[in-house]
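# Remarks on the overall topology
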Amino acid sequence: MAKALSLLILCYFIGSIPWSAIVAKFFSGPSVDLTKEGTKNVGATNVWILSGPAAGCLAALGDAAKGGFAVLMAKWAGLSAFLWPICAWMAVLGHTWSIFLRFKGGRGASATVGAFVALMPLEAMISGLMVATALLTFGGCLLLSLATLWPFLYFGVSCERNRRSQDSLHGHLFGPVGIGIRMEAPF
């Protein structure tokens, strides 16, 4: 119990590292303040706008790594698979309400994507291909891209993985709101 609690707190602190702010200051100088310029959000999109595409991509990778690293730490520590998405959720909370930025931060999208990749790599790849196809076909319509993710909620991703194991991520989804949803396979 103490190991799980300390790892959850550590995941929050890892999520709190403001990679977007660090990358923006590195690329544009110390005078850039993400909370007062552009979208006024400490996230990769604002870094893209203020510091350029290379900086935006680097910031997105750094923020995504926080979510993925939280899941990998939970796996390496030998925690129950039930706690893996909770560790990821703590990293997303840290990203959204960073202790280093006076409890301000990004929206948590990149950290959630990183957690999704670490929790369900195959499903993340399929979702990424669907989103990329929608973006390339219809342009920058974010709602259309997000709509491509709903089939995974309906059919229950990972529902056949580790079916016999009681201690698996069988049918759990991790979303931006940080709720684990238990879904059974319709087939």
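Residues numbered from 1 in each chain as written. Predicted model: local features only at pLDDT ≥ 70, side-chain atom pairs only at ≥ 80, totals over all residues. Heavy atoms only, no water.

Secondary structure summary: the protein chain contains 9 helices and 2 strands in total. Along the protein chain, from the amino end to the carboxyl end, the secondary structure elements read α-α-α-α-α-α-α-α-α-β-β. Here the protein chain holds 187 residues, and 45% of them are scored as buried. Total accessible area computed for the protein chain in this model is approximately 10600 Å², and 72% of it derives from carbon and sulfur atoms. (Helix = DSSP H or I, 4+ residues; strand = E, 2+ residues; numbered from the N terminus. Buried < 20%, exposed > 50% of the residue type's maximum accessible area, 1.4 Å probe, protein only. Areas by Shrake-Rupley, 256 points an atom, 1.4 Å probe, with all protein chains shown as cover.)

Turning next to the state of the cysteines. Following the criterion strictly, the structure yields 0 disulfides and no others. Between Cys-11, a free cysteine, and Cys-87, which holds the nearest cysteine sulfur, the sulfur-to-sulfur gap is 4.1 Å. Among the residues examined, Cys-11 registers a relative accessible area of 0% and is labelled buried. Cys-87 gets classed as buried once you look at its relative accessible area, which sits at 0%. (Disulfide = S-S within 2.5 Å.)

Turning next to helix H5 (residues 84–96). The terminal C-alpha atoms of H5 lie 19 Å apart, and with 13 residues this matches the ideal 18 Å at 1.5 Å per residue to within 8%. In terms of residue burial, H5 counts as a mostly covered element, since 10 of its 13 residues are buried. Those residues of H5 not exposed but buried are Trp-84, Pro-85, Cys-87, Ala-88, Met-90, Ala-91, Val-92, Gly-94, His-95 and Thr-96. (Expected span 1.5 Å × (residues − 1).)

Inspection of every chain in the model, using the stated rule, returns 2 salt bridges. The residue Asp-33 makes a salt bridge to Lys-36 at a minimum N-O spacing of 3.8 Å. Given the relative accessible area of 26%, Asp-33 is considered partly exposed. The shortest N-O distance in the salt bridge between Lys-66 and Asp-63 comes to 3.4 Å. (Salt bridge = Lys/Arg side-chain N within 4 Å of Asp/Glu carboxyl O.)

Let us now look at the packing of helix H4 (residues 53–76) against helix H6 (residues 109–119). In contact at an axis separation of 6 Å, H4 and H6 are set at 40° when each is read in the N-to-C sense. Between H4 and H6, the angle falls in the class oblique. When the axes of H4 and H6 are compared, the crossing they make is right-handed. Residues Ala-60, Asp-63, Ala-64, Gly-67, Gly-68, Val-71 and Lys-75 of H4 touch H6, and the partners they reach there are Ser-110, Ala-111, Gly-114, Ala-115, Ala-118 and Leu-119. (Axes fitted to C-alpha atoms, helices over the stretch in contact; angles between N-to-C directions. Parallel < 35°, antiparallel > 145°, perpendicular 65-115°, else oblique. Left-handed = near helix turned anticlockwise from the far one by under 90°. Contact = heavy atoms within 4.5 Å.)

So, about the packing of aromatic side chains. Inspection of the entire model under this criterion finds 3 aromatic pairs. Seen in terms of ring centroids, Tyr-12 and Phe-13 are 5.7 Å apart; in terms of plane orientation they differ by 75°. Their pairing is edge-to-face. Their ring planes at 70° and their centres at 6.3 Å tell us that Phe-69 and Trp-76 sit as a pair that is edge-to-face. Overall, the relative accessible area of 35% leaves Phe-69 in the partly exposed class. Residue class for Trp-76 comes out exposed when judged on its relative accessible area of 62%. (Phe/Tyr/Trp six-rings, centres within 6.5 Å; stacked < 30°, edge-to-face > 60°.)

Quick look at unusual backbone geometry now. Here Arg-102, not a glycine, exhibits a phi torsion of approximately 55°, which is positive. By secondary structure assignment, the location of Arg-102 is in the loop between H5 and H6. Among the residues examined, Arg-102 registers a relative accessible area of 76% and is labelled exposed. Located in the positive-phi region is Phe-103, a residue other than glycine, with phi close to 60°. Considering the arrangement of structural elements, one finds Phe-103 in the loop between H5 and H6.

To continue, consider the confidence of the model for the protein chain. Scored by pLDDT, the protein chain comes out at a mean of 76, with 73% of its residues at no less than 70. No element of the protein chain has a lower mean pLDDT than strand E2 (residues 180–182), at 41, and none a higher one than H4, at 90. Taken together, the stretch residues 154–187 has pLDDT below 50 and engages in 68 contacts with residues farther than four places along the chain or on a different chain. (pLDDT = per-residue confidence, 0-100.)

Moving on, we get to a nonpolar patch on the surface. Residues Leu-5, Ile-9, Phe-13, Trp-97, Ile-99, Phe-100 and Phe-103 make up a contiguous nonpolar surface patch of about 710 Å² in total accessible area. By secondary structure assignment, the location of Phe-13 is in helix H1 (residues 2–16). (Patch = residues over 30% accessible without salt bridge, like charges linked within 9 Å, V, L, I, M, F, W, Y side chains within 5 Å.)

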